Amino acid sequence: MADRAAIVTGASSGIGLAIAKVLGEEGYGVTMAARRPDKLDAAVAELVAEGFDVHGVAANVSEEEAIQHVVGAHRERYGRLDVLVNNAGVGFGASVGEIQTKHLDMQLSINLRSIVIFYRECLSMLQAAAAEHASALVVNTSSITGKFGQGWTSVYSATKHGVVGWTEAMNKELASQGIKSTALCPAFVDTPMTDYAKEHVPAEEMIRPEDIAEAIRFLLKLSPACIVPEMMFVRPGDSL
């Protein structure tokens, strides 16, 4: 059984996959969760081939039962949780008069509601890890739009503001127990989710998923007393 273990959501590609790889490099056993089983199986196979202790749990994290399934499968395999990465997210652009309710609900449930439920379901394992080594870590993927509201992606922006607010609240509630929370707030990252913007911001000028993953490595190495509530990633040319 791994000495340290982590859960990463949205782990089948992009930022989540890069983070899962860094955690594997740092010796963590990793539960990788994502919605599409085919993509997830391929991602898991890639990291297993590199010698990492990972396994996949297909789950739509908009559903409470699916989140509970992920946490239960992780507990059964590893029996502990030192790092939780709430990375799953979706975004739909629309002017306010054209917002579709189904897209509104998806963004609220996946981008924000799922994070709240993951904290609740993982709390006992995080508390046990913090009691052991005083430094359990939760990382929540927000966005630069969670710091600076954007039109057209207004619902996405609102959910990501919520992620920042939730992260700050969790530090006030849980930091004294040794559970630290950080919200990552990057500008454009070169993933399929930002394909819509690549006509205006070339992929080579965007942040790489590996850049975000290195931030996780940095957070893992901080002193237990250090709390980083938010980390911003902005490159020259990125539009706010």
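The notes below deal with the structure included here. (Residues numbered from 1 in each chain as written. Predicted model: local features only at pLDDT ≥ 70, side-chain atom pairs only at ≥ 80, totals over all residues. Heavy atoms only, no water.)

Regarding the packing of helix α4 (residues 101-133) against helix α5 (residues 154-174)
So, step 1. For the pair α4 and α5, the least separation of the axes is 8 Å and the interaxial angle reads 15°. Viewed along their axes, α4 and α5 adopt a mutual orientation that is roughly parallel. For the pair α4 and α5, the sense of crossing is right-handed. Here L104, Q107, L108, N111, L112, I115, V116, Y119 and L123 of α4 come into contact with α5, specifically with V155, Y156, T159, K160, G162, V163, W166, M170 and L174. (Axes fitted to C-alpha atoms, helices over the stretch in contact; angles between N-to-C directions. Helix = DSSP H or I, 4+ residues; strand = E, 2+ residues; numbered from the N terminus. Parallel < 35°, antiparallel > 145°, perpendicular 65-115°, else oblique. Left-handed = near helix turned anticlockwise from the far one by under 90°. Contact = heavy atoms within 4.5 Å.)

Overview of the packing of aromatic side chains
So, step 1. Enumeration according to the criterion identifies one aromatic pair in this entry.
So, step 2. Aromatic side chains Y119 and W166 sit 5.6 Å apart centroid to centroid with 85° between the ring planes, which places their arrangement in the edge-to-face category. Highlighted residues: Y119 in helix α4 and W166 in helix α5, separated in sequence by 47 residues.
So, step 3. Assessed through its relative accessible area of 23%, W166 is described here as partly exposed. (Phe/Tyr/Trp six-rings, centres within 6.5 Å; stacked < 30°, edge-to-face > 60°. Buried < 20%, exposed > 50% of the residue type's maximum accessible area, 1.4 Å probe, protein only.)

Considering helix α2 (residues 37-49)
So, step 1. Here α2 is 13 residues long and its end C-alpha atoms lie 18 Å apart, about the 18 Å a rise of 1.5 Å per residue gives.
So, step 2. When α2 is considered as a whole, its buried residues turn out to be L40, A43, V44 and L47. The buried residues of α2 occupy one face: seen down the axis, they fall within an arc of 100°. Residues D41 and A49 are exposed on α2 and point more than 90 degrees away from its buried face.
So, step 3. Where α2 is buried, its residues touch α1 (14-25), β2 (28-34) and β3 (54-58).
So, step 4. Among the residues trailing α2, G51 stands out with phi positive, at a value near 95°. (Expected span 1.5 Å × (residues − 1). Arc of directions from axis to C-beta.)

Quick word on the sheet that holds strand β5 (residues 136-141)
So, step 1. Taken in spatial order, the seven strands of this open sheet run β3-β2-β1-β4-β5-β6-β7, and their pairing is parallel. Taken across any chain shown, the strands that pair with only one partner, and hence form the sheet edges, are β3 and β7 (230-233). Strand-to-strand twist across the sheet, computed as the mean angle between neighbouring axes with direction ignored, equals 15°.
So, step 2. In this sheet, β7 lies alongside strand β6 (residues 179-186) in parallel orientation, the contact comprising four bridges. (Pairing = 2+ DSSP bridges.)

Regarding unusual backbone geometry
So, step 1. Even without being a glycine, A134 presents a positive backbone phi close to 65°.
So, step 2. Within the secondary structure, A134 is located in the loop between α4 and β5.
So, step 3. Even without being a glycine, W152 presents a positive backbone phi close to 75°.
So, step 4. Looking at where W152 falls in the secondary structure, it is placed in the loop between β5 and α5.
So, step 5. Judged by its relative accessible area of 47%, W152 is partly exposed.

A word on a nonpolar patch on the surface
So, step 1. A surface patch of nonpolar side chains, amounting to about 250 Å² of accessible area, comprises F148, M232 and V234.
So, step 2. Among the structural elements, V234 can be located in the segment after β7. (Patch = residues over 30% accessible without salt bridge, like charges linked within 9 Å, V, L, I, M, F, W, Y side chains within 5 Å. Areas by Shrake-Rupley, 256 points an atom, 1.4 Å probe, with all protein chains shown as cover. Salt bridge = Lys/Arg side-chain N within 4 Å of Asp/Glu carboxyl O.)

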